Amino acid sequence: MKRIETLLVPSNQQGAVASAVLGSVDEPKVTFSQAFQIYRSQIAADQLRDKSEAQRRKWQQQKQSAINYFIEINEDKLIDDITRADALKPYNFWLGRIASEKGEAAHTATAGNRIIADLRIIYGRDYNGSGCHRRGDESCMAPTS
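1. Quick word on the packing of helix α5 (residues 53-74) against helix α6 (residues 84-98)
No. 1: For the pair α5 and α6, the least separation of the axes is 9 Å and the interaxial angle reads 110 degrees. On the basis of the axis angle, α5 is roughly perpendicular to α6. For the pair α5 and α6, the contacting residues are Tyr-69, Phe-70, Ile-73 and Asn-74 in the first and Asp-86, Lys-89, Pro-90, Phe-93, Trp-94 and Arg-97 in the second.
No. 2: Its residues assigned to classes, the contact of α5 with α6 shows 6 nonpolar, 1 polar and 3 charged.

2. Quick notes on the packing of aromatic side chains
No. 1: Within this structure, the stated rule accounts for 6 aromatic pairs.
No. 2: Their ring planes at 40 degrees and their centres at 5.9 Å tell us that Tyr-69 and Phe-93 sit as a pair that is tilted. Placement of Tyr-69 in helix α5 and of Phe-93 in helix α6 is noted, with a sequence separation of 24 residues between them.
No. 3: Look at Phe-93 and Trp-94: their rings are 5.6 Å apart centre to centre, the planes differ by 90 degrees, and that puts the pair in the edge-to-face class.
No. 4: Classification of Trp-94 as buried rests on a relative accessible area of 3%.
No. 5: An aromatic cluster is present here, built from Phe-36, Tyr-39 and Trp-59 joined pairwise through their rings.
No. 6: The positively charged end of Arg-97 is found above the aromatic ring belonging to Trp-94, 5.4 Å away from the centroid.

Calculation notes
Numbering of residues starts from 1 in every chain and runs along the sequence as written. Given that this is a predicted model, residues contribute local features only at a pLDDT of at least 70 and side-chain atom pairs are listed and counted only at 80 or more, while totals for whole chains, interfaces and linings are drawn from all residues. With hydrogens and water stripped out, all remaining heavy atoms of the structure feed into the side-chain values. Note on method: axes are straight lines fitted to C-alpha atoms, helices fitted across the in-contact stretch only, with angles between N-to-C directions ranging 0 to 180 degrees. Runs of E in the DSSP output that reach at least two residues are strands. Runs of H or I that reach at least four are helices, and both are numbered from the N terminus. Orientation labels follow simple angle bins: below 35 degrees gives roughly parallel, above 145 gives roughly antiparallel, 65 to 115 gives roughly perpendicular, and whatever is left gives oblique. It only takes one pair of heavy atoms within 4.5 Å for two residues to be counted as in contact. For this classification, the nonpolar set comprises Ala, Val, Leu, Ile, Met, Phe, Trp, Tyr, Cys and Pro, the charged set comprises Asp, Glu, Lys and Arg, and every other residue, Gly included, is treated as polar. A pair of aromatic rings is counted whenever rings of Phe, Tyr or Trp (Trp by its six-membered ring) have centres within 6.5 Å, and the orientation is called stacked for planes under 30 degrees apart, edge-to-face for over 60 and tilted otherwise. For every residue, the accessible area obtained with a 1.4 Å probe (protein chains only) is divided by the maximum for its type, and the residue is called buried under 20%, exposed over 50%, and partly exposed between those limits. The criterion for a charge sitting over a ring is simple: Lys NZ or Arg CZ within 6 Å of the ring centre, and within 35 degrees of the ring normal.

Structure (structure tokens):
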């Protein structure tokens, strides 16, 4: 009812207001890095509440590192435009560093798993906490087999 009442109030921006109130305005497009900022400030805020300043800084640095790897490999894409192929690039990058066929591993499995898990969490919950159901299972972050 409030939506309709809002439409009845005269305004010089009535067309824009009417579209927004009726839900016909598209959601703003969000890049992967912007999704992380939203995730940190809105979705994970409760996880960070009881951490010390040093713990929050370490948490953010770890997640930001994962975001930076993704962006370096794929660019800072709109989150809705990320494909399974985009998701597999950092997965394969880390697989090559952990299980290198050319010699000793450059990193431990723990390091690679942490990066992939952070990407999966941020992408999976994206900027509104909706999970992968918006994109379909085939485009979730990385294989889980």
